Amino acid sequence: MENQPENNYQPKKYVELSTPDWVKNATLYELNIRQFSEEGNFQAIEKQLPRLKKMGIDIIWLMPINPIGELHRKGSLGSYYSVKDYLGINAEFGTEDDFRSLVEAIHSQGMYVILDWVANHTSWDNHLVTEHPEWYMKSRKGTFQSTRWRDYDDIIELNYKEPELRKYMTDAMKYWVKEYNIDGFRCDIASFVPIDFWENIRAELDKIKPIFMLAEAEDKELHRKAFDSTYNWTLWNILHQIVQNDLSVKTLTEAYIAEHVSIFPKAGIRMNFIDNHDKNSWEGNQYDNFGEALEATTVFTFLMDGIPLVYSGQEAGLDRSLEFFEKDPIDWTPHKFEKLYTTLFSLKHQNQALWNGDWGGEMVRIMNDRMDQVISFVREKNGDKVLAFVNLSKELIMVQFDTSFDKGIYKNLFTDEEKTVSETFIITMEPWEYLVLHQTK
């Protein structure tokens, strides 16, 4: 039998792209420009940047800033995601100079900015419709059509079998990086656009500067050469089911997390969230969806591996669905959630166990005697350690944890008190109570 070359047996990296170093312990903030202030413009955002920085935000994702289509527009202001001009700026938000000033202000705070990019479709009155009708999908009747099997009357779908469309879209994305020095993109319904387009655009953008790419999709293969981060819709759905329908926590641990840690590439960063513009607009606000479990699910979501997302207004206790096609400014009343996020994000920045992707520690299960109600785990990296205990049930319970591998003296994240953890750790937990203990080397 012939000797096989040795490298046939070497493990190969699944993720081939290089995520920028500044993403290693980063947090994300989705900014809904229209509703972020009474003015609803770029200039008003600048005033709140120091607050976002203080809260621990690192990357600001701006919802689409392009001009919005007028033909078949929804509501009086239309959808951000009905793009009329890929190279233009929505006058509702300000001028080119205003946007340039905002990007510079974000960078001066030590934060980064990514733009929401809608590659799958355009508005009916985008100039490409008349200049390049062949770049669009057509129905059986030969007419322009919305995204197939979706009820989006205000947009029509592009056809990525056209090489010239791919070149145009690539150049348009490069324009924003070169012209305005943005740091990447959040890509709308990314899996509806061919993956080879994304892999090529990533390679071309990386030649300009290191960028961060977030896909609105869950597909594992998007991580290989295209995107640093993907949406964790599944996590949201399972947590929602546990809260609303009293599902066992084993649905989360044995059905989802077991698969996540075994199958998903460690270098692939999931984006974890309790709210975003889609959930908030169409499926209810954070209180509707998580009720009394809101804090517990937030803490869990931000401690498990992945990059955490805050949606505009969550930190002010946003308790309504924001209008999507009309003006509906957020009420910036001080709220305890701002402190909650600040505390969690401060720990994330300092404790390597909570860092993103390969930079952070894997979630390892801590066994307990209430596995159907309580999730408990440890994450560890380079001597930094975080222990999380979360009661995801409506019951007051006494729980015993096997902490034989995690003995030591820890600090309680939310009280700063020292806590000694021995081989067996027993605590009484209120409904939806959480305990976070940490050590930093």
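What you see is a predicted model; the values in this text were computed from it and never measured. (Residues numbered from 1 in each chain as written. Predicted model: local features only at pLDDT ≥ 70, side-chain atom pairs only at ≥ 80, totals over all residues. Heavy atoms only, no water.)

(A) Representation of the overall build of the chain. Secondary structure summary: the chain contains 13 helices and 18 strands in total. Relative to the compact-globule value of 22 Å for 441 residues, the chain shows a C-alpha radius of gyration of 23 Å, a close match. Along the three orthogonal principal directions, the C-alpha set of the chain runs to about 75 × 70 × 45 Å. Considering the chain as a whole, with its 441 residues, one finds that 56% of them fall into the buried category. Across the chain, the fraction of contacts at a sequence separation of at least 24, relative to all contacts at a separation of at least 6, is 71%. For the chain, the accessible area works out to roughly 18800 Å², and carbon and sulfur atoms hold 48% of it. (Helix = DSSP H or I, 4+ residues; strand = E, 2+ residues; numbered from the N terminus. Rg over C-alpha atoms; globule rule 2.2 N^0.38 Å. Buried < 20%, exposed > 50% of the residue type's maximum accessible area, 1.4 Å probe, protein only. Contact = heavy atoms within 4.5 Å. Areas by Shrake-Rupley, 256 points an atom, 1.4 Å probe, with all protein chains shown as cover.)

(B) Structural view of helix 6 (residues 195–206). Along its 12 residues, helix 6 runs 17 Å from first to last C-alpha, staying within 8% of the 16 Å computed at 1.5 Å per residue. For helix 6, every residue scored as buried is listed here: Phe 197, Trp 198, Ile 201, Arg 202 and Leu 205. Angular distribution of buried residues about the axis of helix 6 spans 130°; they occupy a single face of the element. Each element contacted by the buried residues of helix 6 is listed here: helix 5 (163–180), strand 6 (184–187), strand 7 (212–215) and helix 7 (222–225). (Expected span 1.5 Å × (residues − 1). Arc of directions from axis to C-beta.)

(C) Structural context of the layout of surface pockets. Of the voids in this model, the largest pocket is the one considered here, and its volume is about 430 Å³. For the largest pocket, the lining is made up of 20 residues, of which Arg 150, Tyr 152, Asp 188, Asp 278 and Trp 282 are closest to its centre. Examining the composition of the lining of the largest pocket, we find that 3 residues originate from one element, helix 10 (residues 277–282), more than from any other. Here the residues of the lining of the largest pocket are counted per class, giving 10 nonpolar, 4 polar and 6 charged. Reported here for the second largest pocket is a volume of approximately 290 Å³. Together, 13 residues line the second largest pocket, and Lys 13, Val 15, Leu 17, Ala 267 and Asp 358 are the ones closest to its centre. Classifying every residue of the lining of the second largest pocket gives 7 nonpolar, 2 polar and 4 charged. (1 Å grid on protein atoms, 1.4 Å probe; cavity = no way out; pocket = protein on both sides within 12 Å on 5 of 7 lines; lining within 4 Å. Points joined across faces, edges and corners; volume = space filled by probe spheres on them. Nonpolar A, V, L, I, M, F, W, Y, C, P; charged D, E, K, R; others polar.)

(D) Seen up close, the pattern of salt bridges. Evaluation of the coordinates by the stated rule reveals 26 salt bridges. The shortest N-O distance in the salt bridge between Lys 167 and Asp 171 comes to 2.6 Å. Placement of both Lys 167 and Asp 171 in helix 5 is noted, with a separation of 4 residues, approximately one turn of the helix. Between Asp 188 and Arg 186 there is a salt bridge; the shortest N-O distance is 3.1 Å. On the basis of relative accessible area, Arg 186 is assigned to the buried category, the value being 0%. (Salt bridge = Lys/Arg side-chain N within 4 Å of Asp/Glu carboxyl O.)

(E) Looking closely at the sheet that holds strand 7. The sheet built from 8 strands closes into a barrel, its strands ordered 1-2-3-6-7-8-9-10 with parallel pairing. Across the sheet, the axes of successive neighbouring strands diverge by a mean angle of 25°, strand direction being ignored. Strand direction decides the pairing type here: strand 1 (residues 28–31) and strand 2 (residues 59–62), joined by 4 bridges, are parallel. If you follow Tyr 29 over to strand 2, its bridge partner there is Ile 60. (Pairing = 2+ DSSP bridges. Axes fitted to C-alpha atoms, helices over the stretch in contact; angles between N-to-C directions.)

(F) Examining the sheet that holds strand 12 (residues 374–381) more closely. Reading across the sheet, the 6 strands line up as 11-12-13-18-15-16 and stay open at both edges, with antiparallel pairing between neighbours. The sheet is open, and its two borders are formed by strand 11 (364–365) and strand 16 (418–421), each paired with just one other strand. Pairing analysis gives 2 bridges linking strand 11 to strand 12, with the strands arranged antiparallel. Of the residues in strand 12, the one forming a bridge with Val 364 is Val 378. Contacts from helix 12 (residues 294–303) reach strand 12, strand 13 (384–391) and strand 18 (434–439) within the one sheet, and its direction differs from that of strand 18 by about 30°.

(G) Geometry of the nonpolar core. Leu 62, Phe 99, Phe 185, Trp 198, Leu 252 and Phe 300 are the most contacted members of the largest nonpolar core, which totals 125 residues. It is helix 5 that contributes the most residues to this core, 8 residues altogether. Looking at which domains feed residues into this core, each of domain 1 (21–360) and domain 2 (365–439) supplies at least three. Setting aside chain neighbours within four positions, we find Leu 252 in contact with Leu 235, Ile 238, Leu 239, Ile 242, Ile 257, Phe 300, Ile 375 and Leu 392. (Core = buried A, V, L, I, M, F, W, Y, C linked by side-chain atoms within 4.5 Å. Domains from an automatic or database assignment.)

(H) Representation of the packing of helix 2 (residues 42–55) against helix 3 (residues 96–108) in the model. The N-to-C vectors of helix 2 and helix 3 enclose an angle of 15°; their axes lie 9 Å apart at closest approach. Between helix 2 and helix 3, the angle falls in the class roughly parallel. Crossing geometry of helix 2 relative to helix 3 is assigned as left-handed. Along its contact with helix 2, which presents Phe 42, Gln 43, Ile 45, Glu 46 and Leu 49, the element helix 3 presents Asp 98, Phe 99, Ser 101, Leu 102, Ala 105 and Ile 106. Split by residue class, the contact of helix 2 with helix 3 holds 7 nonpolar, 2 polar and 2 charged. (Parallel < 35°, antiparallel > 145°, perpendicular 65-115°, else oblique. Left-handed = near helix turned anticlockwise from the far one by under 90°.)

Take it as geometry only, folks, not as evidence of what the structure does.
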